[in-house]
Amino acid sequence: MRAIVIDDERLARKELITLLNQLESVEVVGEAVNVDDAKEKIEQLNPDVIFLDIQMPEKTGFELLEELDNVPHVIFTTAYDEYALKAFQVNALDYLLKPIEPKRLEEAITKLQGKIDGFTKNEENPSTFNHKKLTLDDQVFVKDGDRCWFVRLSNVRLFESDGNYIKVYFDNFKPMIHKSLNALDERLDEKSFFRASRKHIINLGWVEGIEPWFNGGLVVTLKGGDRIEVSRRQAARFKEMMSL
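Chains are numbered independently. Their residues run from 1 in the order of the written sequence. The model is predicted, so local features are restricted to residues of pLDDT at least 70 and side-chain atom pairs to those at 80 or more, both for listing and for counting; the totals for chains, interfaces and linings are taken over all residues. Here the side-chain values reflect all heavy atoms present in the structure, with hydrogen atoms and water set aside.

- As annotated in an unreviewed UniProt entry, the protein chain carries the name Two component transcriptional regulator, LytTR family and comes from Algoriphagus aquimarinus.

**Describing the overall build of the protein chain**
- Across its full length, the protein chain carries 7 helices and 15 strands.
- Looking at the protein chain as a whole, 47% of its 244 residues are labelled buried.
- Contacts are assigned to residue pairs that have any heavy atoms within 4.5 Å of one another. The long-range fraction of contacts in the protein chain, counting pairs at least 24 apart against all pairs at least 6 apart in sequence, stands at 51%.
- Carbon and sulfur atoms form 46% of the exposed surface of the protein chain, whose accessible area is close to 13,100 Å². Numbering of helices and strands starts at the N terminus; helices are DSSP runs of H or I of at least 4 residues and strands are runs of E of at least 2. Burial classes: relative accessible area under 20% of the type maximum marks a residue as buried, over 50% as exposed, and values in between as partly exposed (1.4 Å probe, protein chains only). Only the protein chains shown count as covering a residue, and every accessible area follows the Shrake-Rupley method with a 1.4 Å probe.

**With respect to the UniProt feature "modified residue: 4-aspartylphosphate" (unreviewed entry) in the protein chain**
- The positions that UniProt labels "modified residue: 4-aspartylphosphate" (unreviewed entry) are, in the present scheme, D53.
- Along the chain, D53 turns up in strand β3 (residues 49-53).
- Excluding anything up to four places from it in sequence, D53 contacts I6, D7, D8, G61, T77, T78 and K98. UniProt positions are given in the numbering used here, feature names are shortened, and annotations may be inferred rather than shown by experiment.

**Describing the sheet that holds strand β2 (residues 27-32)**
- Strand order across the open sheet formed by 5 strands is β2-β1-β3-β4-β5, with parallel pairing between neighbours. In this open sheet, the two edge strands, each paired with only one partner strand, are β2 and β5 (94-97). On average, adjacent strands in this sheet sit at an angle of 20° to one another, irrespective of strand direction.
- Should DSSP find at least two bridges between two strands, the strands are taken to pair. Where strand β1 (residues 2-6) and β3 come together, 4 bridges link them in parallel fashion. For I4, the partnering residue across the bridge sits in β3 and is I50.
- Axis geometry follows a simple rule: fit a line to the C-alpha atoms, using only the stretch in contact for helices, then measure angles between N-to-C directions, giving values from 0 to 180 degrees. Contacts from helix α1 (residues 10-21) reach β1, β2, β3 and β4 (73-78) within the one sheet, and its direction differs from that of β2 by about 170°.

**A word on the pairing of strand β7 (residues 147-152)**
- Two elements, strand β6 (residues 139-144) and β7, share 6 bridges in a ladder whose sense is antiparallel. Its bridge partner lying in β7, Q139 is registered against R152.
- Joining the antiparallel neighbours β6 and β7 is a turn of 2 residues, in which G145 adopts a positive phi near 65°.

**Quick word on the packing of aromatic side chains**
- Aromatic rings from Phe, Tyr and Trp, taking only the six-membered ring of Trp, are treated as a pair when their centres fall within 6.5 Å; an angle between ring planes under 30 degrees marks them as stacked, one over 60 as edge-to-face, and anything in between as tilted. Counted according to the given criterion, the structure contains 8 aromatic pairs.
- A ring pair is formed by W149 and F170, whose centres lie 5.7 Å apart and whose planes are at 80°; its orientation type is edge-to-face. With a gap of 21 residues between them, W149 in strand β7 and F170 in strand β9 (residues 165-170) connect regions that are remote in the sequence.
- Using a relative accessible area of 9% as the deciding quantity, one classes W149 as buried.
- Seen in terms of ring centroids, F159 and F193 are 6.1 Å apart; in terms of plane orientation they differ by 55°. Their pairing is tilted. Pair noted here: F159 is in strand β8 (residues 156-162) and F193 is in strand β11 (residues 193-195), with a separation of 34 residues, a long-range link.

Have a look at this one:
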């Protein structure tokens, strides 16, 4: 598995890379010293996993995750154990406290390998990583206040525009992210997600029912009961996509 180590402390990076190089199942393909450097390396190298320090100058590890469109597997590494609870709230794969013990690192890698074996990752050309569409198998990082989640897009049934923010509907949660619906629409795979109107993007896999509405529009019912109006302009395209 391809790994990137992200830490502002050079010694901490080198120590972790040395430990990882002793494991046959891991290839360290890069290292980064801050969030901006990490974002560039992730987009360029397309790693399977990032080992991410939480506390770094200027921007934190959590802020890096907010800036990524497609989030790799994440193992947090930090000397500050007060962040442990928050790390687990975002459903991180694992959490390693510095100084990292070789045994704990091996346990984290074993857990990661099991997760990767259970999910076949699409092979992408690293040079095109930044331009690929987000599919149902991809996961995104969602942060709303002090609460954070890693969310598989297959579990997101609806995106709803609310001013300069978007509500992300999954499970019983509706957190807000600071992003435009137009920008999100450009990143999502149109085979799986449909722009129903100026305010809504729906996951086609969650569609349960369709009925006519006023002025040639439609109303779509999603699993769970959400009812979304499809504009007249989009209704014909929607019918075409949902028919044989």
